[in-house]
Amino acid sequence: MNISTRDLEAFLALAQTQHFTRAAERCHLSQSAFSQKISRIEAAAGVRLFERSTRLVTLTPEGEVFVEEARRIRNDMRQALTGLQDLAQRRVGRVAVAALPSVAAEWMPSVIARYRAANPRIKVELFDTLAANGLSMLRDGRVDIAITAGEELQEFDCQVLRQEKYFLVCRDDHPLASRRSVTLAQAMGPDMMHLARTSSVRQNLQVQLGASEGPVDGLEVEHLATLSALVAQGLGVSVVPELTLFHFRRDRLRAVPVRDPQLRRPIVLARLKGKALSIAAQAMVLEVVAQARG
């Protein structure tokens, strides 16, 4: 059965006006074309829907049943189109983002503030999580995009947002605290403290150090806040990327640039390959990219 929405509108127009000429005018059709359309509908249905007389057109009992269904279908279609328009104009919707904790803390508050101001009825979900879990959430469809670190991400479509520089963080009484910059070799020493090997910061650092990293003599911790407190107590130093420096804004702490040009942590925006982003998610991507470039 091949009945279009225009066919339904023609049927409903005739059911309401009970007059072929007026119904044809409402549908912007000639009377003959309109009559042929109604006949095709009845042929497709396999039953007469109207009783015709010289002065009056009325619904048959079968037509009475069909008119209720036709009205329901029309209303469902209108609601569906209204829903699509709301999505297209970002009046409703949802966008979910997984982001590294440093990105979530430094970039996402202003990103979300701007996004909500422009799209107040879009629900935003933010998951601040380590790289592996963020990618797992993206893989499982729990988030639209993941802002993560790394280069070996061929499984996803990735856009590099920034190449982060690294900094030596130490107390102001450390021998390297007054330097304008240091090499990674100068920074490495027996008092070097690290984040856990599961962190993207540590993994990226290990790529540059290779076999030269050697055994870890200093403390190794899970969280940047802990690392900052240890450095503040003079228990050692560490090397961390730029976006994490807000953890080290303490009295007596210094951040010295590491000048090795190869030591960079790529911050990337990842999305599933072959899957289109919603309009709401596309708008979020634009905000994230603008923040990264700023």
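Only a predicted model underlies this, so the values are computations on that prediction, with no experimental measurement involved. (Residues numbered from 1 in each chain as written. Predicted model: local features only at pLDDT ≥ 70, side-chain atom pairs only at ≥ 80, totals over all residues. Heavy atoms only, no water.)

Enquirer: Help me understand the packing of helix α1 (residues 5-17) against helix α3 (residues 31-45) in this model?
Expert: The relative placement of two packed helices is expressed as an angle between their axes plus a distance between the axes. At a closest axis distance of 10 Å, the pairing of α1 and α3 adopts a crossing angle of 105°. The angle between α1 and α3 falls in the class roughly perpendicular. Only F34, K37, I38 and I41 of α3 make contact with α1, whose side of the interface consists of R6, D7, A10, F11 and L14. Looking at the contact of α1 with α3 residue by residue, the classes come out as 6 nonpolar, no polar and 3 charged. (Axes fitted to C-alpha atoms, helices over the stretch in contact; angles between N-to-C directions. Helix = DSSP H or I, 4+ residues; strand = E, 2+ residues; numbered from the N terminus. Parallel < 35°, antiparallel > 145°, perpendicular 65-115°, else oblique. Contact = heavy atoms within 4.5 Å. Nonpolar A, V, L, I, M, F, W, Y, C, P; charged D, E, K, R; others polar.)

Enquirer: Hey, could you run me through the sheet that holds strand β10 (residues 238-241) in this one?
Expert: By definition, the strands of a sheet pair up through backbone hydrogen bonds, in either a parallel or an antiparallel sense. Read from one edge of the open sheet, 3 strands run β10-β7-β11, paired in antiparallel fashion. At either end of the open sheet lies a strand with only one pairing partner, and these are β10 and β11 (253-257). Strand after strand, the sheet turns through a mean of 35° between neighbouring axes, direction not considered. Relative to β10, strand β7 (residues 166-171) runs antiparallel, the two being bridged by 4 bridges. Of the residues in β10, the one forming a bridge with V169 is S238. Those strands touched by helix α9 (residues 200-209) are β7 and β10, and its axis lies near 105° from that of β10. Strands β7, β10 and β11 of the sheet are contacted by helix α10 (residues 224-232), whose axis makes an angle of about 45° with β7. (Pairing = 2+ DSSP bridges.)

Enquirer: Could you clarify how one ought to interpret empty space enclosed by the protein in this entry?
Expert: Rolled over the atoms, a probe with the dimensions of a water molecule shows which regions are left empty. Taken as a whole and assessed by the stated rule, the structure comprises 1 cavity of 30 Å³ or more. In this structure, the largest cavity spans a volume of roughly 40 Å³. Considering the residues around the largest cavity, the lining is formed by M193, H194, L195, V201, R202, L205, S238 and V239. Those elements that place two or more of their residues in the lining of the largest cavity are β8 (194-195), α9 and β10. For the lining of the largest cavity, the element with the most residues is α9, which contributes 3 residues. (1 Å grid on protein atoms, 1.4 Å probe; cavity = no way out; pocket = protein on both sides within 12 Å on 5 of 7 lines; lining within 4 Å. Points joined across faces, edges and corners; volume = space filled by probe spheres on them.)

Enquirer: Please clarify how the confidence of the model for the protein chain should be interpreted in this entry.
Expert: The predicted coordinates of low-pLDDT regions are not to be read in fine detail. Averaged over the protein chain, the pLDDT score is 89; the fraction of residues at 70 or greater is 94%. Ranking the elements of the protein chain by mean pLDDT puts α9 last with 79 and β11 first with 97. (pLDDT = per-residue confidence, 0-100.)

Enquirer: Please explain the pattern of salt bridges as it appears in this structure.
Expert: Under the defined criterion, the tally for this structure stands at 17 salt bridges. Ionic pairing is found between E9 and R74, a salt bridge with its closest N-O pair at 3.7 Å. Linking E9 in helix α1 with R74 in helix α4 (residues 61-88), this pair joins segments that are 65 residues apart in sequence. A salt bridge links E68 to R71, with the nearest nitrogen and oxygen atoms 3.3 Å apart. With a gap of 3 residues between them, E68 and R71 both fall in helix α4, about one helical turn apart. With a relative accessible area of 46%, E68 lands in the partly exposed category. Since its relative accessible area comes to 37%, R71 is described here as partly exposed. The network of salt bridges with common partners includes R171, D172, D173, R252 and R254. (Salt bridge = Lys/Arg side-chain N within 4 Å of Asp/Glu carboxyl O. Buried < 20%, exposed > 50% of the residue type's maximum accessible area, 1.4 Å probe, protein only.)

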